[in-house]
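# Observations on the model geometry
This is what each chain is made of:
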Protein chains: 4
Amino acid sequence: MIKVGIIGATGYAGAEIAGILLGHPEAEVVWYGSKSYVGEEFSGIYGNFFRIIDDKCLDDNMEELADEVDVVFTATPQGLCASLINEDILSKVKVIDLSADFRLKDVTEYEKWYKIEHKAPSFIEEAVYGLCEINRDKIRNARLVANPGCYTTCSILTAYPLIKEGLIDPDTLIVDALSGVTGAGRGAKVANLYCEVNESVKPYGVANHRHTPEIEEQLGYAAGKKMVINFTPHLVPMNRGILATEYATLVKKDGKLPTEEDIRAAYEKYYGKELFIRLLKSGVYPETRFVRSSNFVDIGFKVDERTGRIIMMGAIDNLVKGAAGQAVQNMNIMFGLDESMGLRIVPRCP
Amino acid sequence: MIKVGIIGATGYAGAEIAGILLGHPEAEVVWYGSKSYVGEEFSGIYGNFFRIIDDKCLDDNMEELADEVDVVFTATPQGLCASLINEDILSKVKVIDLSADFRLKDVTEYEKWYKIEHKAPSFIEEAVYGLCEINRDKIRNARLVANPGCYTTCSILTAYPLIKEGLIDPDTLIVDALSGVTGAGRGAKVANLYCEVNESVKPYGVANHRHTPEIEEQLGYAAGKKMVINFTPHLVPMNRGILATEYATLVKKDGKLPTEEDIRAAYEKYYGKELFIRLLKSGVYPETRFVRSSNFVDIGFKVDERTGRIIMMGAIDNLVKGAAGQAVQNMNIMFGLDESMGLRIVPRCP
Amino acid sequence: MIKVGIIGATGYAGAEIAGILLGHPEAEVVWYGSKSYVGEEFSGIYGNFFRIIDDKCLDDNMEELADEVDVVFTATPQGLCASLINEDILSKVKVIDLSADFRLKDVTEYEKWYKIEHKAPSFIEEAVYGLCEINRDKIRNARLVANPGCYTTCSILTAYPLIKEGLIDPDTLIVDALSGVTGAGRGAKVANLYCEVNESVKPYGVANHRHTPEIEEQLGYAAGKKMVINFTPHLVPMNRGILATEYATLVKKDGKLPTEEDIRAAYEKYYGKELFIRLLKSGVYPETRFVRSSNFVDIGFKVDERTGRIIMMGAIDNLVKGAAGQAVQNMNIMFGLDESMGLRIVPRCP
Amino acid sequence: MIKVGIIGATGYAGAEIAGILLGHPEAEVVWYGSKSYVGEEFSGIYGNFFRIIDDKCLDDNMEELADEVDVVFTATPQGLCASLINEDILSKVKVIDLSADFRLKDVTEYEKWYKIEHKAPSFIEEAVYGLCEINRDKIRNARLVANPGCYTTCSILTAYPLIKEGLIDPDTLIVDALSGVTGAGRGAKVANLYCEVNESVKPYGVANHRHTPEIEEQLGYAAGKKMVINFTPHLVPMNRGILATEYATLVKKDGKLPTEEDIRAAYEKYYGKELFIRLLKSGVYPETRFVRSSNFVDIGFKVDERTGRIIMMGAIDNLVKGAAGQAVQNMNIMFGLDESMGLRIVPRCP
């Protein structure tokens, strides 16, 4: 039985890990770390776990934790994981960091976009970017995994095969994305109050959202060149879900646009055997409700011959494939388990 | 492996049975019956099941179905099950009816409240009211189970022990209840459109909702006398969940009101060993989000010494414990399985 | 032109006063007071007012304000108004307090329910309870008006005529109420975050909500005796609106229950000429969407002969008739204006 | 007093016209036309108008109506207005058509995108496209105005000045838009049920939505060339509001990108004196809640030097500036009234 510790267990992503691992036959959470609720019952905060999880919250003591568990999930704000980690800890325990601390290989990019100093730059090189379907082999032997961001997971997976196969022009990629409000976390901010969010939509982080360089770096690897994209997130009044609508100009071959079949073949080539990626039928587009609470990525697309562009659309649950689910998927890979263990969750709808 | 047929599989309750049984190790759905979608892929209607359920919808042919399966769930409007059932069918297959056709023992009450003629009154006597925690023993040997209504399940279970123990005066019981919109079904009605329901609450069926006689009959058995109650349902803008807030005058013993401890002891006496009923801690009251997608009933209460009344509050997911979950629980009992098989669903929140 | 100052202008009720007064021909806001946003543009906080209100927020300086304006609205937490007020101020300016500081005549009740010491008990006697339809004559000459609570406005007006006329037994009154989330204010609290409130309902303040003594005191005047009631508020996922569903036992006359006509006559007697109270037709019950953004109180009822009880239902917009609208209505009365000035707002739906 | 008839008064747009005209000093509705509710009280359908509008619904008889009123609004499905209109009618009454029948000048485009035969092609030439801020002068003398679509109003106005001034490349324009659910109308369809829409977002009409040719035609006039664009609408769970996020490549001058100031100057040039268009401050982006129930268009933008693109964002209330409000604005222009009469509605928030 894998012993699991969660730092930041009372945030939405941390609690989601706790919930998912209740259905995992080979792992159990033994440490519910928290900054604000030390000593309180975990199920007093998340009443859904009443009589299911009986533990009290412990503190966020990484040193002590490293002696107690086999794997630590850090579901905390940027900067905390980098400030806690060191060689001694990594020699004892695997770390899956849900923050952005180890996602970008270029530390100056990190410091530019996140506006904080990186406290453990020496581990950036070693850290593996935990986008399971792409980096599976590297994840297997990693000590430190940087779990991808929610927008980035959805944005990258939706465009990856077409960029990799040269079917679209990387310089034309535009990602327009919508997110449910759990993406904003559980901090007590006026902007996230019910009445500030309900019955409205808004763009934010326009041309400067922090997930931009992450998408650019990862898709850049696929393109074989540096990419610069537009990424515009919007907040929509729902709890969970991300929908990314992506636009790019199709690359002609012999003067002809790729057909729907060409595009489908490219997706099939990379995702045909992926359990968690569902390529939708022709004319069907993703809806976030159909992936809710699951680890699925639903992808649809439309070739627009009028404009010569393709519209690619992907949907995930931001707390599952966009955070906790992918983190558990990474854990499964790192520990040599069936990758889908504990994650064969069927979406419930409505 | 128990073979299952669902008549009305494309309604919300029918689809919920389908979803729950995907996690049931001893049962599998082999017939997705539908009136409106015959020949269409089930996952074309409920995209959440894409690549999980590959079946197409069949018709609602009860005769044929009875030869193919071990148990039939009828998740259909009032009157249909009664019009389909007969001795031949019941001799071949167990039937769990999610409509109201066999819930009331008094056929004239049925015809008065539902305003339709009962087509199979001869089976009313035999039918067992499938409120699992109360009628478990009778359910075990039943051929025909009347699955309780959503409001009724919540309303009855919340008050039952106190009425049974004589702690409250049955003549004073008032049930004020709130329901999510799935309770109104999936029919295309203007009243259930998003923009008619959103950002509003309303009472309906005031003093004449059809679940009233069902609550009165069942709680009347516990009271040992005929009961007449007030029941007021309200529609609230959310997908799932029922919250019942119930008021009754406490019965004094030796001139003294029962204490919180007395009340708690009564609940514990009846529900102490029940897996699906969670009696909340003192001062904690149920919230529908904490039971969402699960088979739990969360119950809290407050003794009000100022008025001599008790306020009892219960919460369920109307599609699970209020419909599909309880139906599967009934199936488990009828087939001698562990009652919780396939139903140990942990609520996900938010 | 009446000069208006608002203390607490950046809260939901304060901003609603600002919005309503934009449509008032005889009053204008000259002081937008705030604790947290001094010096910031008011329309930077409430973008709806961009290019409509150009003022910056000032501080909450009551002394200075009293020299500048004709009337002050205090839309602030309990205790603040009582701590600011004095004879000098009241000699210069009329005060309409939207907090609870001057609502209860019995200061010990105030201190018991609100758990704070009252800083200006000497003004309690003078303060007039600003429930316009009931206390119109007293309000006319008041210097200090205690604007009623949102739940209380709705609960009292819905039951008042029947209690006044002796048609219902005051000892049996139970008020079960639902509120939108603006009722919880604009403070940054985890409990009011979008994802904590959305897709759920919950009771709170069970048997100890602070609006209880206010309802009891005011309805007690109508009953001519001390009343003790049950009042249970619930939080529902919508921005605005209160729905109160009230239960009481009808008083028989000559062995007969009052009829629907008797009840209707009582409502007509008190409200027949009231512009803002709409008695709905037989069989029609209030929905909060139909009063949204307006000063209306919609009332419906049902006589239940089976139980001998009546179910009374009232709906208001908690920010308008439950706060800002009634405050402006009080201002109009105090300044001898047409009571509906600026308040003939037509609800918009959906 | 202008006498107004509404054909399709019981749909959301029709009812919104009714609501707006209650606040219009020079116009009054005398004919509430309906297909489904003839003879019923209008306020029985829209309870918000109880005791405010006392009229019953009449039929959709255009001939008779033309004799009774000065202006007819047709708020009906595509095809109806074209089938009702003729020279006799237009000689008696002004017509403002909220459907798409007279929006496209090219009848083959209409028939291709709408898949119905046009019944009155001879009036297409005469009809004026009622985008008030652009076509004001032509509208003044029109007998027949084609009121623009909701998405189109928002999409066009957000990009218009920059295309007109040659600051962006028309061939690169991509419009990604979000709409509340009133945009889907009040028809009883499963897809628009509360539980199908709530807690989800979805794209629809991808690369073939009918508002596409309308945007292309109108912006094409500004560009001085035929335009082909991508337009992707999404449905989001809220009642009202459209947000359009638009992307285009900036056109360099002398090798330099236009600056934020250049862009702002272009917007100011066209909209500086427009009452209903609010150009937001630098760094502020539109939110639909801030225009709710009003006739405002809020516009913000961001120059992205990294990609050489601009992101333009516009927000409207789809039922007001996107339908009923603009229709009334057109009426005001056609009748020589102050263009803002009845439309100085202040958005209410939250």
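Residues numbered from 1 in each chain as written. Chains lettered and ligands numbered in written order. Predicted model: local features only at pLDDT ≥ 70, side-chain atom pairs only at ≥ 80, totals over all residues. Heavy atoms only, no water.

With that settled, consider the overall build of chain A. The number of helices and strands found in chain A is twelve helices and 13 strands. Relative to the globule expectation of 20 Å for 350 residues, the C-alpha radius of gyration of chain A, 20 Å, shows essentially globular dimensions. For chain A, with 350 residues in total, the buried portion stands at 66%. In chain A, once contacts between residues fewer than 6 apart in sequence are set aside, the share between residues at least 24 apart is 71%. (Helix = DSSP H or I, 4+ residues; strand = E, 2+ residues; numbered from the N terminus. Rg over C-alpha atoms; globule rule 2.2 N^0.38 Å. Buried < 20%, exposed > 50% of the residue type's maximum accessible area, 1.4 Å probe, protein only. Contact = heavy atoms within 4.5 Å.)

This part takes up the interface of chain A and chain B. One frequent convention defines the size of an interface as the accessible area lost when the parts assemble. Taken together, the contact pairs 37 residues of chain A with 37 residues of chain B. A combined buried area of about 2900 Å² lies between chain A and chain B, and 52% of that area is made up of carbon and sulfur atoms. Across the chain A-chain B interface, the total number found is four salt bridges. Here chain A is connected to chain B by 22 residue pairs in polar contact (both at pLDDT 80 or more). Going through the elements one at a time, α1 (12-21) and β11 (277-279) of chain A are the ones with two or more residues in the side of chain A that touches chain B. In terms of residue class, the side of chain A that touches chain B is built from 21 nonpolar, six polar and ten charged. (Buried area = accessible area lost by both parts, 1.4 Å probe. Salt bridge = Lys/Arg side-chain N within 4 Å of Asp/Glu carboxyl O. Polar contact = N/O pair within 3.5 Å; in protein donor to acceptor, adjacent residues only side chain to side chain. Nonpolar A, V, L, I, M, F, W, Y, C, P; charged D, E, K, R; others polar.)

This part takes up the relation of the copies chain A and chain D. Two chain copies, one operation linking them: a rotation about an axis together with a shift along it. Structural alignment of chain A on chain D gives an RMSD of 0.0 Å, achieved by rotating through 180° and translating 0.0 Å along the axis. Such a combination of turn and shift is consistent with a two-fold rotation axis. Most of the interface of chain A is mirrored in chain D, where 100% of its interface residues again form contacts. (Least-squares fit on C-alpha atoms with pLDDT ≥ 70 in both.)

All names here are of chain A. It is the contact of helix α8 (residues 150-164) with helix α11 (residues 260-271), at a shortest axis distance of 9 Å, that shows an interaxial angle of 110°. One way to sum up the angle between α8 and α11 is to call them roughly perpendicular. Taking contact as the criterion, the partners of Leu 157, Thr 158, Tyr 160, Pro 161, Leu 162 and Lys 164 in α8 are, on α11, Ile 263, Ala 266, Tyr 267, Tyr 270 and Tyr 271. Residues belonging to the contact of α8 with α11 are distributed by class as follows: nine nonpolar, one polar and one charged. (Axes fitted to C-alpha atoms, helices over the stretch in contact; angles between N-to-C directions. Parallel < 35°, antiparallel > 145°, perpendicular 65-115°, else oblique.)

As a further point, take the packing of α8 of chain A against helix α10 (residues 211-223) of chain A. Residues and elements named next belong to chain A. Packing of α8 against α10 leaves a shortest axis separation of 9 Å and a crossing angle of 20°. When the axes of α8 and α10 are compared, the pair comes out roughly parallel. Handedness of the α8/α10 crossing: right-handed. On α10, the residues that touch Cys 150, Tyr 151, Thr 152, Ser 155, Ile 156, Ala 159, Tyr 160, Ile 163 and Lys 164 of α8 are His 211, Glu 214, Ile 215, Gln 218, Leu 219, Ala 222 and Ala 223. Taken together, the residues that form the contact of α8 with α10 break down as ten nonpolar, four polar and two charged. (Left-handed = near helix turned anticlockwise from the far one by under 90°.)

On to the pattern of salt bridges, then. Enumeration according to the criterion identifies 84 salt bridges over all chains in this entry. Among the ionic pairs, Glu 16 of chain B bridges to Arg 240 of chain B, the shortest N-O distance being 2.7 Å. One end of the pair, Glu 16 of chain B, is in helix α1 (residues 12-21); the other, Arg 240 of chain B, is in the loop between β9 (230-235) and β10 (242-249), with 224 residues separating them in the sequence. A single burial state applies to Glu 16 of chain B and to Arg 240 of chain B, both of which are buried. Arg 348 of chain D is paired through a salt bridge with Glu 16 of chain C; the nearest N and O atoms lie 2.4 Å apart.

Once that is clear, we can look at the sheet that holds strand β3 (residues 71-74) of chain B. All names here are of chain B. The parallel open sheet is built from six strands, whose spatial order is β2-β1-β3-β4-β6-β5. Of all the strands in the sheet, the pair left with one neighbour each is β2 (27-32) and β5 (128-129). Relative to β3, strand β1 (residues 2-7) runs parallel, the two sharing four bridges. By the bridge assignment for β3, Gly 5 is matched with Val 72. The strands that helix α12 (residues 320-334) touches are β1, β2, β3, β4 (94-97) and β6 (144-146); relative to β4, the one it contacts most, it runs at about 155°. (Pairing = 2+ DSSP bridges.)

Looking now at the domain arrangement of chain A. Residue and element names in this part refer to chain A. Looking at chain A, the domain boundaries give domain 1 (2-126) and domain 2 (151-318). Between domain 1 and domain 2, the residue contacts involve 14 residues of the former and 15 residues of the latter. Across the domain 1/domain 2 interface, buried area totals approximately 1300 Å², and carbon plus sulfur atoms make up 52% of it. Viewed at the interface, domain 2 and domain 1 are joined by two salt bridges. Our count for the domain 1 to domain 2 interface comes out at six residue pairs in polar contact (both at pLDDT 80 or more). For the side of domain 1 that touches domain 2, the secondary-structure elements that each account for two or more residues are α1 and α6 (107-114). For the side of domain 1 that touches domain 2, the residue count by class is seven nonpolar, two polar and five charged. (Domains from an automatic or database assignment.)

UniProt records the feature "domain: Semialdehyde dehydrogenase NAD-binding" (unreviewed entry) at residues 3-142 of chain A, using the numbering of this structure. From the first C-alpha to the last, residues 3-142 of chain A spans 17 Å; its make-up is 35% helix and 15% strand. (UniProt positions renumbered as here; feature names shortened; annotations may be inferred.)

A few words now on the pairing of strand β7 (residues 174-179) of chain D. Within a regular beta strand, the side chains point alternately toward one face of the sheet and then the other, so they alternate between its two faces. Residues and elements named next belong to chain D. β7 sits mainly inside the fold: six of its six residues count as buried. Residues of β7 alternate between two faces, with Ile 174, Asp 176 and Leu 178 on one and Val 175, Ala 177 and Ser 179 on the opposite face, all of them buried. The pairing of β7 with strand β9 (residues 230-235) spans six bridges and is parallel. Note that in β9 the partner of Asp 176 across the bridge is Thr 232. Relative to strand β10 (residues 242-249), β7 runs antiparallel, the two sharing six bridges. Paired with Ser 179 across the bridge in β10 is Ile 242.

All names here are of chain A. Within the UniProt annotation, "active site" (unreviewed entry) is assigned to Cys 150. With respect to the helices and strands, the residue Cys 150 is situated in helix α8. Judged by its relative accessible area of 15%, Cys 150 is buried. Those residues in contact with Cys 150 that lie beyond four places of it in its chain are His 211, Ile 242, Ile 316, Asn 318 and Gly 322.

Counting from both sides, the interface comprises 46 residues of chain A and, opposite them, 46 residues of chain D. Of the roughly 4100 Å² buried at the junction of chain A and chain D (both faces included), carbon and sulfur atoms supply 54%. There are four salt bridges connecting chain A and chain D. With a closest N to O distance of 2.6 Å, Arg 306 of chain D and Glu 216 of chain A form a salt bridge. At the junction of chain A and chain D, the tally comes to 28 residue pairs in polar contact (both at pLDDT 80 or more). Of all elements in the fold, only β7 (174-179), α9 (194-197), β8 (202-203), α10, β9 (230-235), β10 (242-249), β12 (297-304) and β13 (309-316) of chain A reach the threshold of two or more residues within the side of chain A that touches chain D.

Residue and element names in this part refer to chain A. Burial along strand β3 (residues 71-74) is two-sided: Val 71 and Phe 73 and Val 72 and Thr 74, pointing in opposite directions, are all buried. As paired strands, β3 and strand β4 (residues 94-97) are joined by four bridges and run parallel to one another. Looking at β4, one finds that Phe 73 is bridged to Ile 96.

Here we come to the packing of aromatic side chains. The relative placement of two aromatic rings is captured by the distance of their centres and the angle of their planes. Per the stated rule, a full pass over the model turns up 39 aromatic pairs over all chains. For the pair Phe 42 of chain B and Tyr 46 of chain B, a centre-to-centre distance of 5.7 Å together with 40° between the ring planes defines the contact as tilted. When sorted by exposure, Phe 42 of chain B lands in the same class as Tyr 46 of chain B, which is buried. Note on Phe 42 of chain B and Phe 49 of chain B: the rings are 5.7 Å apart at their centroids and 15° apart in plane angle, and the pair reads as stacked. Judged by relative accessible area, which is 3%, Phe 49 of chain B ranks as buried. Cation over ring: Lys 94 of chain A sits above Phe 335 of chain A, and NZ or CZ is 5.7 Å from the ring centre. (Phe/Tyr/Trp six-rings, centres within 6.5 Å; stacked < 30°, edge-to-face > 60°. Lys NZ or Arg CZ within 6 Å of the ring centre and 35° of its normal.)

Along the polypeptide, Arg 210 of chain D turns up in the loop between β8 (202-203) and α10 (211-223). It is 21 Å that separates the C-alpha atoms of Arg 210 of chain D and Gly 8 of chain D, two residues lying 202 residues apart in sequence.

Further remarks concern the relation of the copies chain A and chain B. By a simple turn and slide, chain A fits onto chain B: the slide is 0.0 Å along the axis, the RMSD is 0.0 Å, and the turn is 180°. Both copies contact each other with a shared surface, as 100% of the interface residues of chain A are interface residues in chain B too.

What follows is about the side chain of Asn 135 of chain C. All names here are of chain C. Within the secondary structure, Asn 135 is located in helix α7 (residues 132-140). Within the structure, Asn 135 has its side chain in polar contact with the backbone oxygen of Tyr 129 (distance 2.7 Å). If near-sequence neighbours (up to four positions away) are discounted, Asn 135 is found in contact with Tyr 129 and Gln 218.

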